[in-house]
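Chain by chain, the residues run as shown.
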Amino acid sequence: MIITRQISIRLALIVVVCVLMQISFFSHFAFLGAQPEIVPVVVAAIGLLGGAVTGGVVGFATGLLLDAALLQTMGVSSLILLSVGYLAGRYREGFEIDSSLGPALVAGGLTLLAAAGFVALQMMLGVEAQVSGLIVREILMKGIFGFLLAYPLYPLIRFFLRPALVLEDSPARRPLFRGRRSKPEPRRSRRMSTPGGVA
Amino acid sequence: MYRKDVRRRRTILVALIVLSLILLSIHFSEPRSGPLHAIQRVVAAVLSPFEAVVGQALKPARDLVNWFDDTFEAKGKNEQLREDLAAARTELAQAQAAIGENTKFRELLGLDRNELAGFVPAFAPVTARVIVRSPTVSNATLGVNAGSEDGIEIDDPVVAGAGLVGRVAEVTSGTAQVQLITDPRSSVSVKLVPDGPQGIVEPEVGDPDDLRLDFISNDDEISEGQQLVTAGWSNEEYSSVYPYGIPIGEVTETTLGDENFQRITVRPYAEMRALQYVQVLTGGPERPGIDE
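Read on for an overview of the structure. Remember, predicted model here, so these are calculated numbers, not experimental data. (Residues numbered from 1 in each chain as written. Chains lettered and ligands numbered in written order. Predicted model: local features only at pLDDT ≥ 70, side-chain atom pairs only at ≥ 80, totals over all residues. Heavy atoms only, no water.)

### Regarding the overall build of chain B
Applicable threshold: Elements are defined by DSSP. Helices are runs of H or I of four residues or more, strands are runs of E of two residues or more, and each kind is numbered from the N terminus. Burial classification: accessible surface area is computed with a 1.4 Å probe over protein chains only, and a residue below 20% of its type maximum counts as buried, one above 50% as exposed, and the rest as partly exposed. Accessible areas in this description were obtained via Shrake-Rupley with a 1.4 Å probe; residue shielding takes into account the shown protein chains only. In this tally, Lys and Arg are treated as positive and Asp and Glu as negative; His is ignored, and so are the chain termini. To locate a charge, the coordinates of NZ of Lys, CZ of Arg, CG of Asp or CD of Glu are taken.
Broken down by element type, chain B carries 3 helices and 12 strands. In terms of its C-alpha atoms, chain B occupies a principal-axis envelope of roughly 90 × 45 × 45 Å. Considering chain B as a whole, with its 292 residues, one finds that 42% of them fall into the buried category. When the accessible surface of chain B is summed, it comes to about 16,300 Å², and 56% of that surface belongs to carbon and sulfur atoms. Averaging the positions of the 27 positive and the 43 negative side-chain charges in chain B gives two centres separated by 13 Å.

Structural data, given as structure tokens:
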């Protein structure tokens, strides 16, 4: 991903809208005992599109905003979400993504890990309440929601960040890639132009 | 070149992790008036109008989703509610008889009604709309669209029509964060009514619908359906955050514990996940150890 000022603004907008949608809309539902979480899905999608560094930085910033907006302990969400973004980016750097199932599985798995990570971190921070067995169901449900939400969210994020993606299909986008950093590695360029619109 | 990239990536990762840990440490160690808390309140205050707009704009969609959810739940609850109604009618009759007796005894003893009216009427309730909720498993908090400008202060009790919801944990000029009684960090001293023992109500992480009542001896007789209210204890130095008499919920299950205490499950009256409006009880009598 080529990070220009315009792309940075787009990333910031995605983060703000995602956090607002999460705390003002998605957190108000509970299906089968769990709230759907779009924040880890969006961070994972950005990591999958932009790589480990972009994913980690965006995850950290998203966590900061989430903690500030909810007036909760600063640093907790940052730590979890930077891990989500980084791991998604590492996956992208190490594996081919050649179907829409891949991003959904990665997002679902990382959402599940994030939910479990939040609980573990809270326990380490001195919460002494007992843990119910129902928490396993809730964490699993969050993972399933993450998997399902990735199907609409990943293409949507990809669409918004399209000008930054190396060697996109549209010739109209190409001028954006010119310049010193516009020569991608051959392996990456093949992966970015895989059929089905999945990068 | 590749090694340089890997080194750069790892450096950024380590730097972000260290930064997160520093933020965590500062947040725990500094007082509420500290700079990090102040920045957090500013960000929350800036975001709150957007949260309110997004919340209002998407309310129809939210209502639609909740309607489906409520419809499924309502079928299951219908039978239970009929039984509860029958029990409530019996209790109402008993309560009215008790009120009559109480009035007579007060007259006989010459007691001033206002002095014994309890704490709750002495508060000034501020109605607020729920605008944000925490999405995380182990963090049961919500944000409301009223803050210090409306007279809300930290540790003010929060109620909904049915019962206790929680307490104010943080406050900005226009918003407040409410820590629900289902939050893992919450514990409430309670009394079983009419003349039961006192205990502590705490949540179980991962179970937002039920609470646990602790420190009730195996010798105490507790029945299913028995109600709990806030104990509202106080002495010269310390006091409970909550005043006496706010309904919390009712006992749904009791089993004898392995040690000296029973294992009691409580179903809260307030449906934490369906809350749209709450009342923050502001003002009220001074609470030693809290309002200082």
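Read on, since the account is not over.
### What about the side chain of T111(A)?
All names here are of chain A. To keep it simple, the criterion reads: Residue contacts are defined here by distance: any two heavy atoms, one from each residue, within 4.5 Å place the two residues in contact.
With respect to the secondary-structure elements, T111 resides in helix α5 (residues 101-124). In this structure T111 comes out as buried when scored by relative accessible area, which is 1%. Contact partners of T111, with chain neighbours within four places excluded, come to E37, P40, V41, K142, G143 and G146.

### Digging into the packing of aromatic side chains
All names here are of chain A. As a reminder of what qualifies: In this scheme Phe, Tyr and Trp rings, the latter by its six-membered ring, pair at centre separations within 6.5 Å, and the angle between planes marks the pair as stacked below 30 degrees, edge-to-face above 60, and tilted otherwise.
Considering all chains together, one arrives at 6 aromatic pairs over all chains under this definition. With centroids separated by 5.1 Å and ring planes inclined at 85 degrees, the aromatic side chains of F25 and F26 adopt a geometry described as edge-to-face. Exposure class is identical for F25 and F26. Each is buried. Geometrically, the ring pair formed by F25 and F29 is edge-to-face, given 4.9 Å between the ring centres and 85 degrees between the ring planes. You can call F25 buried: its relative accessible area is 10%. Feature note: the residues F25, F26 and F29 constitute an aromatic cluster, connected by ring pairs.

### Quick notes on the nonpolar core
Note the threshold: As used here, the term nonpolar core means buried Ala, Val, Leu, Ile, Met, Phe, Trp, Tyr and Cys residues forming a set that is joined through side-chain atoms within 4.5 Å.
Residues M1(A), I23(A), V42(A), I46(A), L49(A), I157(A) and L161(A) are the most contacted members of the largest nonpolar core, which totals 55 residues. Only α1 (5-24), α2 (39-50), α3 (52-69), α4 (76-94), α5 and α6 (134-160) of chain A together with α2 (35-57) and β1 (123-133) of chain B provide two or more residues apiece to this core. It is α2(A) that provides the largest number of residues to this core, a total of 9 residues. Those residues within four positions of I23(A) in sequence are excluded, and the remaining contacts are H28(A), L66(A), A69(A), L70(A), E51(B), I131(B), V132(B) and R133(B). Among the nonpolar cores identified, the runner-up in size contains 43 residues, and I152(B), V171(B), I216(B) and V280(B) belong to it.

### Some words on the sheet that holds strand β12 (residues 277-283) of chain B
All names here are of chain B. Which entries qualify depends on this criterion: Only strands joined by at least two bridges in the DSSP assignment are considered to pair. Axis angles are defined between N-to-C directions and span 0 to 180 degrees, where every axis is a line fitted to C-alpha atoms and, for a helix, only to the segment in contact.
Taken in spatial order, the 6 strands line up as β1-β2-β5-β4-β3-β12 and close into a barrel, and their pairing is antiparallel. Neighbour to neighbour, the strand axes of the sheet diverge by 45 degrees on average, direction disregarded. One ladder, built from 4 bridges, connects strand β3 (residues 157-160) with strand β4 (residues 163-171); its direction is antiparallel. Following the sheet pairing, V159 is matched in β4 by L164. On the sheet, α2 packs against β1 and β4 and is oriented at approximately 75 degrees with respect to β1.

### Some words on unusual backbone geometry
With phi around 55 degrees, L71(A) is a residue other than glycine that occupies positive phi space. Turning to its location among the elements, L71(A) is positioned in the loop between α3 and α4.

### Describing the interface of chain B and chain A
Applicable threshold: The buried area of a pairing is the accessible area, by a 1.4 Å probe, that goes missing from both parts when the two are put together, added over both. When a carboxyl oxygen of Asp or Glu lies within 4 Å of a side-chain nitrogen of Lys or Arg, that pair is called a salt bridge. For the purposes of these results, a polar contact is taken to be a pair of N or O atoms within 3.5 Å, where, inside protein, one atom must be able to donate a hydrogen and its partner to accept one; residues adjacent in sequence count only when each atom of the pair is a side-chain atom.
Taken together, the 53 residues of chain B in the interface contact 54 residues of chain A. Summing both sides of the interface, chain B and chain A together bury roughly 5,000 Å²; the carbon and sulfur share of this comes to 68%. One salt bridge in this structure joins E93(A) and R9(B), with 3.1 Å as the shortest N-O distance. Taken together, chain B and chain A are joined by 12 residue pairs in polar contact (both at pLDDT 80 or more). Looking at the side of chain B that touches chain A, the elements with two or more residues in it are α1 (2-29), α2, α3 (59-109), β1, β7 (198-205) and β8 (207-214) of chain B. In terms of residue count, the dominant contributor to the side of chain B that touches chain A is α1(B) (13 residues).

### Considering the pattern of salt bridges
Under the counting rule described, the total for this entry stands at 11 salt bridges over all chains. Here D63(B) makes a salt bridge to K59(B), at a shortest N to O gap of 3.0 Å. Placement of both D63(B) and K59(B) in helix α3 is noted, with a separation of 4 residues, approximately one turn of the helix. Three or more residues are tied together by salt bridges with common partners; here these are R90(A), E93(A) and R9(B).

### Describing α1(B)
What sets the pattern is the α-helix's 3.6 residues per turn: residues three or four places apart point alike. Basically, it comes down to this: How far a helix is expected to stretch is found by multiplying one less than its residue total by 1.5 Å.
Taking 1.5 Å of rise per residue, the 28 residues of α1(B) would be expected to cover 40 Å, and the 41 Å separating its terminal C-alpha atoms lies within 8% of that figure. Of all the residues in α1(B), the buried ones are V6(B), R9(B), L13(B), L16(B), S20(B), L23(B), L24(B) and H27(B). Contact partners of the buried residues in α1(B): α3 and α4 of chain A together with α2 of chain B.

### Quick word on the side chain of S186(B)
As for its placement among the helices and strands, S186(B) is situated in the loop between β5 (176-180) and β6 (188-193). Those residues in contact with S186(B) that sit more than four places away from it in its chain are Q179(B), L180(B), I181(B), V201(B), E202(B) and P203(B).

### Regarding the packing of α4(A) against α1(B)
What counts, and what does not: Here is the rule for angles: anything less than 35 degrees is roughly parallel, anything more than 145 is roughly antiparallel, 65 through 115 is roughly perpendicular, and the remaining ranges are oblique. Whether a crossing is left-handed or right-handed is set by the direction in which the near helix is turned from the far one by less than a right angle, anticlockwise for left-handed and clockwise for right-handed. Amino acids outside the nonpolar list (Ala, Val, Leu, Ile, Met, Phe, Trp, Tyr, Cys, Pro) and the charged list (Asp, Glu, Lys, Arg) are all regarded as polar, and Gly is one of them.
Following both chains from N to C, one finds α4(A) and α1(B) inclined at 165 degrees, their axes separated by 8 Å at the closest point. In terms of their interaxial angle, α4(A) and α1(B) are classed as roughly antiparallel. Read as a crossing pair, α4(A) and α1(B) show a hand that is left-handed. Residues V76(A), S78(A), L79(A), L82(A), Y86(A), R90(A) and E93(A) of α4(A) form the contact with α1(B), whose participating residues are R9(B), L13(B), L16(B), I17(B), S20(B), L21(B) and L24(B). Within the contact of α4(A) with α1(B), the residues separate by chemical class into 9 nonpolar, 2 polar and 3 charged.

### Re the environment of L58(B)
For L58(B), the location among the structural elements is in the loop between α2 and α3. The class of L58(B) is partly exposed, set by a relative accessible area of 22%. Distance from L58(B) to I39(B), taken between C-alpha atoms, is 28 Å for residues 19 residues apart in sequence. In contact with L58(B), other than residues within four places in its own chain, are M21(A) and F25(A).

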